[in-house]
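Letter by letter, the chains look like this.
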Amino acid sequence: MSHTDFWIIRHGETDWNAERRLQGWRDIPLNANGIAQAEALNAHLQARFSDAGPAHIYTSDLQRAYHTALPYARSCDKPVQRLPGLRERNYGVLEGQLWSALAGFDSAHSHNLAIELDPNEHKAEDLATFYARIRQTLNTLAQKHRNETVMIVSHGGAIDMMWRAAGNLAPNAPRQFTQRNTSINCLRIVSDDSWQIVSWADTSHLPQVVTG
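Model, not experiment: these values are computed from the prediction. (Residues numbered from 1 in each chain as written. Predicted model: local features only at pLDDT ≥ 70, side-chain atom pairs only at ≥ 80, totals over all residues. Heavy atoms only, no water.)

### Here we look at the nonpolar core
And step 1. Residues Phe6, Ile8, Leu138, Ile152, Met162 and Leu187 are the most contacted members of the largest nonpolar core, which totals 25 residues.
And step 2. For this core, the secondary structure elements donating two or more residues are strand E1 (3-10), helix H5 (127-144), strand E4 (149-154), helix H6 (156-166), strand E5 (184-190) and strand E6 (194-202).
And step 3. When residues no more than four places from it in sequence are discounted, the contact partners of Leu187 are Thr4, Asp5, Phe6, Ile8, Leu138, Ala166, Trp195, Gln196, Ile197, Val198 and Trp200.
And step 4. By size, the runner-up hydrophobic cluster in this structure holds 17 residues, among which are Phe49, Tyr66, Met151 and Val153. (Core = buried A, V, L, I, M, F, W, Y, C linked by side-chain atoms within 4.5 Å. Buried < 20%, exposed > 50% of the residue type's maximum accessible area, 1.4 Å probe, protein only. Helix = DSSP H or I, 4+ residues; strand = E, 2+ residues; numbered from the N terminus. Contact = heavy atoms within 4.5 Å.)

Right, here's the structure in full:
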């Protein structure tokens, strides 16, 4: 039975990440820390996977994802293909706002709950539409690249939807992992549409967060 292996990576940091603003489809660039993270990711992937790199590299068409993949793509001389289907969720009129300023939504976000939005009121994607877009995009890539390894750079919310799809969970199921910028996730899709998590939210290549 054929399968496709995916390396799924969250993009590097942006100023809006640091400020805890909803980005969605806004095309926000990497900040200086995000650029450094992309370079560190490149060094890590070259060192760890020097003999077994991906056959193809895809990112969302937003620059923060594309520029995260670019250092590694250049190092292994592979093109980066941009797919709108890998974009973050469209947050509509809420984009650019601080999570802390969104009454009700910030509490849900802090408790790892996906928030439901109204396409009419918020001009945004509802959860079912977002979930279906992400699932369809990955299934299309899996069918196109059978028995190959594919690297994807996408967004935190999109990666959460991939995790829910792999677990056959509802789109609003609480997430169990924090996706730090440039976290690495590994997923296998088998030809019978079976999604299997290999590893998730790997941050071993990132500086440890000091708390307390």
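Still more ground to cover, so stick around.
### Structural notes on unusual backbone geometry
And step 1. Phi is positive for Arg20, close to 60°, though the residue is something other than glycine.
And step 2. The partly exposed category is assigned to Arg20, whose relative accessible area is 36%.
And step 3. The backbone of Asn168 sits at a positive phi, close to 55°, despite the residue not being glycine.
And step 4. Summarising the element assignment, Asn168 is placed in the loop between H6 and E5.

### Notes on the packing of aromatic side chains
And step 1. Applying the stated criterion to the full structure yields 3 aromatic pairs.
And step 2. The interplanar angle of 45° and the centroid separation of 6.5 Å between the aromatic rings of Trp7 and Tyr72 together place this pair among those described as tilted. Residue Trp7 is located in strand E1, and its partner Tyr72 is located in helix H3 (residues 63-75); the two are separated by 65 residues in the primary sequence. The residues Trp7 and Tyr72 share a single accessibility class, namely buried.
And step 3. Seen in terms of ring centroids, Trp163 and Phe177 are 5.9 Å apart; in terms of plane orientation they differ by 75°. Their pairing is edge-to-face. Residue Trp163 is found in helix H6, and its partner Phe177 is found in the loop between H6 and E5; the two are separated by 14 residues along the sequence.
And step 4. Judged by relative accessible area, Phe177 falls into the partly exposed class, the value being 30%.
And step 5. The ring of Tyr66 has Arg82 lying over it, and the distance from NZ or CZ to the ring centre is 3.6 Å.
And step 6. A cation over a ring is seen here: Arg87 above Trp25, with NZ or CZ 4.7 Å from the ring centre. (Phe/Tyr/Trp six-rings, centres within 6.5 Å; stacked < 30°, edge-to-face > 60°. Lys NZ or Arg CZ within 6 Å of the ring centre and 35° of its normal.)

### Concerning the sheet that holds E6
And step 1. Spatial ordering of the open sheet is given by E3-E2-E4-E1-E5-E6, a layout of 6 strands whose pairing is mixed. Because the sheet does not close on itself, it has two edges, and the strands there are strand E3 (80-82) and E6. This sheet shows a mean twist of 25° between the axes of neighbouring strands, independent of strand direction.
And step 2. Its contacts with the sheet put H3 on E1, strand E2 (56-59), E3 and E4, and the angle it makes with E2 is roughly 160°. (Pairing = 2+ DSSP bridges. Axes fitted to C-alpha atoms, helices over the stretch in contact; angles between N-to-C directions.)

### Digging into the packing of H5 against H6
And step 1. Viewed as axis vectors pointing N to C, H5 and H6 meet at an angle of 80°, and their least axial separation amounts to 9 Å. The orientation of H5 relative to H6 falls into the category roughly perpendicular. On the side of H5, the interface is formed by Leu127, Phe130, Tyr131, Ile134, Arg135 and Leu138, while H6 contributes Gly157, Ala158, Met161, Met162, Arg164 and Ala165.
And step 2. Tallied by class, residues from the contact of H5 with H6 come to 9 nonpolar, 1 polar and 2 charged. (Parallel < 35°, antiparallel > 145°, perpendicular 65-115°, else oblique. Nonpolar A, V, L, I, M, F, W, Y, C, P; charged D, E, K, R; others polar.)

### Section: the side chain of Thr59
And step 1. Structurally, the position occupied by Thr59 is in strand E2.
And step 2. Note on Thr59: relative accessible area 0%, which makes it buried.
And step 3. If near-sequence neighbours (up to four positions away) are discounted, Thr59 is found in contact with Ala65, Tyr66, Ala69, Val80, Gln81, Arg82, Leu83, Leu86 and Val153.

### Regarding the pairing of E1
And step 1. The element E1 is largely enclosed, with a buried count of 7 among its 8 residues.
And step 2. Here 6 bridges tie E1 to E4, and the two strands are oriented parallel to one another. Bridge pairing in E4 places Trp7 opposite Met151.

### With respect to the pattern of salt bridges
And step 1. One pass over the structure, following the stated rule, counts 9 salt bridges.
And step 2. Its salt-bridge partner being Asp5, residue Arg188 comes within 2.7 Å of it at the nearest N-O pair. Of the two residues, Arg188 is situated in strand E5 and Asp5 in strand E1; the sequence distance between them amounts to 183 residues.
And step 3. Look at Arg188 and you get partly exposed, because its relative accessible area is 29%.
And step 4. Two residues, Glu95 and Arg26, come together in a salt bridge whose shortest N-O distance is 3.7 Å. One end of the pair, Glu95, is in the loop between E3 and helix H4 (105-110); the other, Arg26, is in the loop between helix H1 (15-19) and helix H2 (32-48), and 69 residues separate them in sequence.
And step 5. Relative accessible area serves as the criterion here: at 8%, Glu95 is assigned to the buried category. (Salt bridge = Lys/Arg side-chain N within 4 Å of Asp/Glu carboxyl O.)

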